[in-house]
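Structural characterization, general
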Amino acid sequence: FKATWIETIPGEWAAVKDALAALHGRDPERQIIVFTEALFFGILPMFYGAELPPGVERPRSVALSVTVPLLRSIDLPPFGFPGDADTSKEGRARYARKHAQWAECSAHLKGLLDAKLLECGATSTTGGAFVTGQNYVCHDIVLQLGSPSFFFPRSDWPSSFRFAGCIPAAEEPKEGWPNLPSWWEETVRLADSGKRKIVVVAQGTVEVDPNLLIIP
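The subject of this paragraph is the packing of aromatic side chains. Taken as a whole and assessed by the stated rule, the structure comprises 10 aromatic pairs. When the ring of Phe41 is compared with that of Phe130, the centres are 6.4 Å apart and the planes differ by 70 degrees; the resulting orientation is edge-to-face. Here Phe41, found in the loop between β1 (33-37) and β2 (60-65), pairs with Phe130, found in the loop between α4 (107-119) and α5 (134-137); they are 89 residues apart in sequence, far enough to count as distant. Ring-pair connections join several aromatic residues into one group, and the members of that group are Tyr136, Phe151, Trp157, Phe161 and Phe163. Taking NZ or CZ as reference, Arg154 lies 4.5 Å from the ring centre of Trp157, over its face.

Right, let's talk about the nonpolar core for a bit. Counting 35 residues, the largest nonpolar core has Trp5, Phe41, Leu113, Phe130 and Tyr136 as the members making the most contacts within it. For this core, the secondary-structure elements that each account for two or more residues are α1 (2-6), α2 (9-26) and α4. At 4 residues, the largest contribution of residues to this core is made by α2. When near neighbours in sequence (up to four residues on either side) are disregarded, Phe130 contacts Phe1, Trp5, Ile6, Phe41, Trp102, Ser106, Leu109, Lys110 and Leu113.

Here we come to the sheet that holds β1. The strand order across the open sheet built from 4 strands is β1-β2-β3-β4, with neighbouring strands paired in parallel fashion. With one partner strand each, in any of the chains shown, β1 and β4 (161-163) form the two edges of the open sheet. Within the sheet, the average angular offset between the axes of one strand and its neighbour, ignoring direction, is 20 degrees. Bridge count for strand β3 (residues 141-144) against β4 is 3 bridges, and the pairing is parallel. Residue Gln144 lies in a different strand from β4, and its bridge partner there is Phe163.

Our focus in this paragraph is the pattern of salt bridges. Inspection of every chain in the model, using the stated rule, returns 5 salt bridges. Two residues, Arg60 and Asp140, come together in a salt bridge whose shortest N-O distance is 3.2 Å. Of this pair, Arg60 sits in strand β2 while Asp140 sits in the loop between α5 and β3, and the two are 80 residues apart along the sequence. Owing to a relative accessible area of 47%, Arg60 belongs among the partly exposed residues under this scheme. Across the pair Asp86 and Arg94 runs a salt bridge whose closest N-O atoms are separated by 3.0 Å.

Our next topic: unusual backbone geometry. Even without glycine at this site, Val131 takes up a positive phi of about 40 degrees. Checked against the element boundaries, Val131 lands in the loop between α4 and α5.

How each quantity is defined
As a convention, each chain's residues are numbered from 1 in the sequence order in which they are written. In keeping with the model being predicted, local features are shown solely for residues with a pLDDT of at least 70 and side-chain atom pairs are shown and tallied solely at 80 or more, while totals for entire chains, interfaces and linings include all residues. The basis for every side-chain value is the complete set of heavy atoms in the structure, and neither hydrogens nor water enter the calculation. Aromatic contacts are taken between Phe, Tyr and Trp rings whose centres are within 6.5 Å, Trp giving its six-membered ring; a plane angle under 30 degrees counts as stacked, one over 60 as edge-to-face, and the others as tilted. Secondary structure counts use DSSP, requiring at least four H or I residues in a row for a helix and at least two E residues in a row for a strand, with both numbered from the N terminus. Ring-over charges, as used throughout, are those where CZ of Arg or NZ of Lys falls within 6 Å of the ring centre and within 35 degrees of the ring normal. Note on terminology: a nonpolar core comprises buried Ala, Val, Leu, Ile, Met, Phe, Trp, Tyr and Cys residues joined through side-chain atoms within 4.5 Å. Per-residue accessibility, obtained with a 1.4 Å probe over protein chains only, is compared with the maximum for each type, and a residue is labelled buried under 20%, exposed over 50%, and partly exposed between these values. Any two residues whose heavy atoms approach within 4.5 Å at even a single point are treated as in contact. Pairing between two strands is assigned when DSSP locates at least 2 bridges connecting them. Axis geometry follows a simple rule: fit a line to the C-alpha atoms, using only the stretch in contact for helices, then measure angles between N-to-C directions, giving values from 0 to 180 degrees. One speaks of a salt bridge when a side-chain nitrogen belonging to Lys or Arg is within 4 Å of a carboxyl oxygen belonging to Asp or Glu.

This is the structure we're talking about:
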């Protein structure tokens, strides 16, 4: 949280302003729309009063959410806490206590986030506990990858959320293997033969060097 999301905000915000200034200089009359990943905190100063480049009006913004949304719900515990969706009075009361617990244990992160926003020239700071939705509700539209059935049900999705489905396959489907990548048939054959084990490896969120994760 500190190293990749919060402490990088001033440098990221400076880059955003440079991009906005360059676009405005190229075509001062053209409307700018910012398209960003929902967990990119470098755009947050724009929503909390930080000054934009000369002549640039605050752009409309669209966020693409590729992860489980870190968004508080009365029906769910905080992200990372165990528990299923529960709309009962008792369940919501239990989760309210969990949210209060999260707010207390993450207060230092919220304090650092607010300090970085002020460092960027923000005139206000975030409300609520750390990562409970501030980076979503600030945008005009949030495109959430997946479908509602992928996620725990909740009664309080923000009106700005739209489910955008899944990312389509990069390759044309092969006959007999619709919407699957070209290597899938061989993978299934090897797994069914019992002669080779299939190990699934994914890149990391922070460490993206394939020599340190995927290749080993």
